[in-house]
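A closer look at the structure
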Amino acid sequence: MLKVEKLHVSVDGAEILKGVSLEVPAGEVHALMGPNGSGKSTLSYALAGRDAYEVTQGAATLNGENILALSPDERAAKGLFLSFQHPTEIPGVATMNFIRTALNAQRKARGEDEISAADFLKVARAKAKIVGLSDEKLKRPFNVGFSGGEKKRMEMLQMALFEPRFAIMDETDSGLDIDALKMVGDVVNALRSPDRGFLVITHYQRLLDYIKPDRVHVLAGGRIVKSGGPELARELEQSGYDQFIEAA
Amino acid sequence: MSRTLLINPTAMEAGLLAAAKARALEGAREAAFEAFARTGLPHKRMEGWKWTDLRAALRDDIAAAEPDNDVIAPSVFGGVKPFEITIMNGAAEWSGAPQGVRIATTRDAALSPLVEHHPLAGLAAAMADEAIEISIAEGAKIDRPILLRRIAGPGAIHARARLSLGAGAAATVIESFDGVGRYFSNSLTEASLGPSASLARFILQDGSEEGVETAVFAATLDAASSFSQVALFLGAKVARIETHIAAKGERAKIDLKSASALSGARHADQTSLILHEAEGATTRQAHKSALKDRANGVFQGKFHVARGAQRTDARMRANALLLSDFAEADHKPELEIYADNVECAHGSTAGALDEDALFYMRQRGLDEDQARALLIEAFLGETFSEIAHPGVQNVFHSRLAHWLKGTK
């Protein structure tokens, strides 16, 4: 599914990722943990294709296809979804119109039929209920005036609607209360399937109580310094990241 | 003789002088021409014309336009079923008039004090054979929009209109400015609003790449009257749309919204002067521009608050979106305040599209052009969000969408 090999990424000339290798097979959920500044968000931006994140060495493939040569929208059409750590507000852009336009752009790129406004609205309303966003919120310009938690719910609504092949969730749990964490778990668990994969970036064990990861990786100093089973997350909760910071 | 005041006239100015001489101007017309001849075509060394050099844009002579009887395509505003007055190369045509509206022509050339020293107003008054006069009777509420459809063909055109609203009258006036080929189209529209009258004015300016469009609008507002204006400028070789308002009665309400959507080498200049001369006026002005390629968007807005105009509440903002390294936005917001109990503010920004929003939208599947278009539409579209007339609002949104499609 997602395969990252010896990836080096620089931002403004500073090397942040120094050879990250990671493989998430189809059907699995992997957690990526690590201290602040270790390069977790850099990895998610680089994989999604953000301009300033320059890949200087290495490779990344999704289902065997080199994604590094694709534009961000082409990667999205291939089924790569990024749940943003800090979702953007887009004043003046109507939420439902934006999401439907984006969904149809992806469908068109894949040679699928576009979804009608009426059909979309029906599905979107049903899924908005699941993630806990009111109709009133859906009528606002995109994310404008939303709290941090509401923005994360909007990310989950889009993930539920786009049904991506592979989702990178960048600290979706930050700023969420327990009920919202459970909602995130529900959305991920409903989407889990043999042909879908997830990379869940988090600082804390608690999200992993709701989303059981198959593997846990620790990113420190721009490299994966340790990988293990779900027990590794619990271990980190006890011992912290100090050992890795020193090692890196 | 006033005409000798112009030293070293350009070919265009010499042509205008010759045309004026041939007409043997007298009285008010001669006085109006003097207002023009004192400066000639406004140029960059003149106050208020630094960024719009009309003399340079009109160096070569453009002969007077011929009357044109071509069949013209229906107006984009056809869907709102307006009462249409077609002003083709300066000649007005209409038939009948809605109830409560009187339409006539006059040869009276006197200028309203608001623009009596304005060179372009003077030129229009001197050169237009007659002015069309639209009078809305006291208390009349005219639901059907009145469309002043100005179409310029090749040549030089001078047109003049007067609009008066009696006490308590209400009307909607749409002015469209279209042009084909190489022209200089200069128009003057003077308006007066009686006590508690209400005028909604809409402007759609869509000139040609070789055309020069100048339009001066000057209105006086009586007590408790209200004037709102929403405009979309698509530019021309040079387009300069001026709005002069004098709030002479207390508690006047003024609301001005404009958007410039410019590409290629187009130029549009929004210049306005709001004179607050009585107490308690409320003014809101917002201008937005999206500038591509080598386009040039100019905003000059001035609020003048006279000594006696206490409790004036006036706010102005201008925001430009620069979509190319070669596009240029020139903003000059000004406040000139002589009263001590007022609330006045102005703001001006220029910037590029939000990179975070662009990346976000592309991550969701929109390609770069789609994402940019959606953001530009969101930025400019706000200008039309409060138009009360849904048909008119549709025309503005669809004209903007059309512009977005045609540009990268």
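These numbers were taken from a predicted model, which means no experiment stands behind them. (Residues numbered from 1 in each chain as written. Chains lettered and ligands numbered in written order. Predicted model: local features only at pLDDT ≥ 70, side-chain atom pairs only at ≥ 80, totals over all residues. Heavy atoms only, no water.)

Moving on: the nonpolar core. Counting residues in hydrophobic clusters, the biggest one holds 105 residues, and the most contacted among them are F98(A) and M159(A). Apart from the residues within four sequence positions on either side, F98(A) is in contact with V93(A), F142(A), Q158(A), Y360(B), M361(B), R364(B), L366(B) and L374(B). Core analysis: the second largest hydrophobic core is formed by 39 residues, I87(B), I134(B), A140(B) and A247(B) among them. (Core = buried A, V, L, I, M, F, W, Y, C linked by side-chain atoms within 4.5 Å. Buried < 20%, exposed > 50% of the residue type's maximum accessible area, 1.4 Å probe, protein only. Contact = heavy atoms within 4.5 Å.)

Our next topic: helix α2 (residues 27-37) of chain B. Of all the residues in α2(B), the buried ones are R29(B), A32(B), F33(B), A35(B), F36(B) and A37(B). Tucked inside the fold, the buried residues of α2(B) contact α1 (11-22) and α4 (119-127) of chain B. (Helix = DSSP H or I, 4+ residues; strand = E, 2+ residues; numbered from the N terminus.)

Turning our eyes to something else, we now look at the sheet that holds strand β3 (residues 29-33) of chain A. Strands in a sheet are paired, the pairing made by backbone hydrogen bonds, and the direction either parallel or antiparallel. Residues and elements named next belong to chain A. Strand order in the open sheet made by the six strands is β6-β9-β10-β3-β11-β12, with mixed pairing throughout. Strand pairing shows two members of the sheet lacking a second neighbour, β6 (80-83) and β12 (223-228), which therefore form its edges. When strand polarity is set aside, the average angle formed by the axes of neighbouring strands in this sheet is 20 degrees. Across four bridges, the pairing between β3 and strand β10 (residues 197-201) is parallel. (Pairing = 2+ DSSP bridges. Axes fitted to C-alpha atoms, helices over the stretch in contact; angles between N-to-C directions.)

A few words on the interface of chain B and chain A. Listed per partner, the contact involves 17 residues of chain B and 27 residues of chain A. Taken together, both faces of the contact between chain B and chain A bury some 1900 Å²; the carbon and sulfur share is 65%. When residues of chain B are sorted by the area they lose upon contact with chain A, F359(B), Y360(B) and R364(B) head the list and together hold 41% of the total. Seen at the junction of chain B and chain A, the total is three salt bridges. For R364(B), the salt bridge identified is with E155(A), shortest N-O distance 2.6 Å. Viewed at the interface, chain A and chain B are joined by ten residue pairs in polar contact (both at pLDDT 80 or more). (Buried area = accessible area lost by both parts, 1.4 Å probe. Salt bridge = Lys/Arg side-chain N within 4 Å of Asp/Glu carboxyl O. Polar contact = N/O pair within 3.5 Å; in protein donor to acceptor, adjacent residues only side chain to side chain.)

Here we take up the packing of α2(B) against α4(B). Residue and element names in this part refer to chain B. With their axes 7 Å apart at the nearest point, α2 and α4 run at an angle of 145 degrees to one another. Where α2 crosses over α4, the handedness of that crossing is left-handed. Where α2 approaches α4, its residues R29, A32, F33, A35 and F36 are matched on the opposing element by P119, G122, L123, A125, A126 and M127. Of the residues belonging to the contact of α2 with α4, the class tally is nine nonpolar, one polar and one charged. (Left-handed = near helix turned anticlockwise from the far one by under 90°. Nonpolar A, V, L, I, M, F, W, Y, C, P; charged D, E, K, R; others polar.)

Residues and elements named next belong to chain A. Burial within strand β1 (residues 2-11) is extensive, with seven of its ten residues counted as buried. Relative to strand β2 (residues 14-24), β1 runs antiparallel, the two sharing eight bridges. For V11, the partnering residue across the bridge sits in β2 and is A14. Here β1 hands over to β2 after two residues, with D12 in that stretch at a positive phi of 50 degrees.

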